[in-house]
Amino acid sequence: MANPNIVGVTSIHAGNASWNLSASVTTTLLTVSADVIVKINTILCANVDGTNAALLDLYIDGVGTTVTGVTGTSLATVIYLAKTVNVPADDMLVVLDKPIYLMENDILKGGTVSTGDLDLFISYEVINDAP
């Protein structure tokens, strides 16, 4: 797997994505393609249920890869950004407010056990170094 060079990029495209999360906590939300990295700027989760709290799971599958110039030992391949985090009724959770990078082939997955209660919003940039 290549490590995209963010100095020699050919394009940077901003984007937003949103989901009303399903009852599967393993739903694939984003998959990063080859030759790109995705800079996640913000992740927000709103509970749209006016009565009941809901639990959020959100994780990256594929993190165990390293980048050029860095060696890691016993790297995890799955890392949680939120694990059964309680989002109160009619409230919002800031899951991430500092940038992180998803490398190529990383997969962002998540969900809730309360179908329809949680809306997830992500602001991101797709950084491409393909010619």
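As a starting point, this report considers the structure included with it.

Time to look at the overall build of the chain. Within the chain one finds zero helices and nine strands. Listed N to C, the secondary structure of the chain is β-β-β-β-β-β-β-β-β in terms of helices and strands. Compactness check: the chain gives a C-alpha radius of gyration of 16 Å against a globular reference of 14 Å for 131 residues, within 12% of the reference. Here the C-alpha coordinates of the chain stretch approximately 50 × 35 × 20 Å along the principal axes.

As a further point, take unusual backbone geometry. Positive phi, close to 45°, is recorded for T84, a residue that is not glycine. Residue position: T84 is located in strand β5 (residues 78–87). The exposure class assigned to T84 is partly exposed, which follows from its relative accessible area of 45%. Even without being a glycine, D90 presents a positive backbone phi close to 55°.

Whenever strands of a sheet pair, they do so through backbone hydrogen bonds, lying parallel or antiparallel. As summarised here, the arrangement of the four strands in space is β2-β8-β4-β5, forming an open sheet in which the pairing is antiparallel. Pairing within the sheet leaves two strands with one partner each, and these edge strands are β2 (27–31) and β5. Going from strand to strand, the sheet's axes swing by 20° on average, the running direction of each strand aside. Judged from the seven bridges that link them, strand β4 (residues 54–61) and β5 form a sheet pairing that is antiparallel. Bridge pairing links A54 to V87 in β5.

Attention now moves to the packing of aromatic side chains. In the structure shown here, the tally under the stated rule is one aromatic pair. Considering the side-chain rings of Y59 and Y80, the 4.9 Å spacing of their centres and the 40° angle between planes classify their relative orientation as tilted. Taken together, the residues Y59 in strand β4 and Y80 in strand β5 connect sequence positions 21 residues apart. Residue classification places Y59 among the buried positions, given a relative accessible area of 8%.

Now for the nonpolar core. Ranked by size, the top nonpolar core spans 24 residues in total, and within it I40, I43, L56, L58, L108 and L120 carry the most contacts. Counting residues per element, this core draws most heavily on strand β3 (residues 36–47), which supplies five residues. Discounting residues that sit within four places of it in the chain, I40 has contacts with L30, L96, K98, P99, I100, L102, I122, S123 and Y124.

So, how was this worked out
Residues numbered from 1 in each chain as written. Predicted model: local features only at pLDDT ≥ 70, side-chain atom pairs only at ≥ 80, totals over all residues. Heavy atoms only, no water. Helix = DSSP H or I, 4+ residues; strand = E, 2+ residues; numbered from the N terminus. Rg over C-alpha atoms; globule rule 2.2 N^0.38 Å. Buried < 20%, exposed > 50% of the residue type's maximum accessible area, 1.4 Å probe, protein only. Pairing = 2+ DSSP bridges. Axes fitted to C-alpha atoms, helices over the stretch in contact; angles between N-to-C directions. Phe/Tyr/Trp six-rings, centres within 6.5 Å; stacked < 30°, edge-to-face > 60°. Core = buried A, V, L, I, M, F, W, Y, C linked by side-chain atoms within 4.5 Å. Contact = heavy atoms within 4.5 Å.

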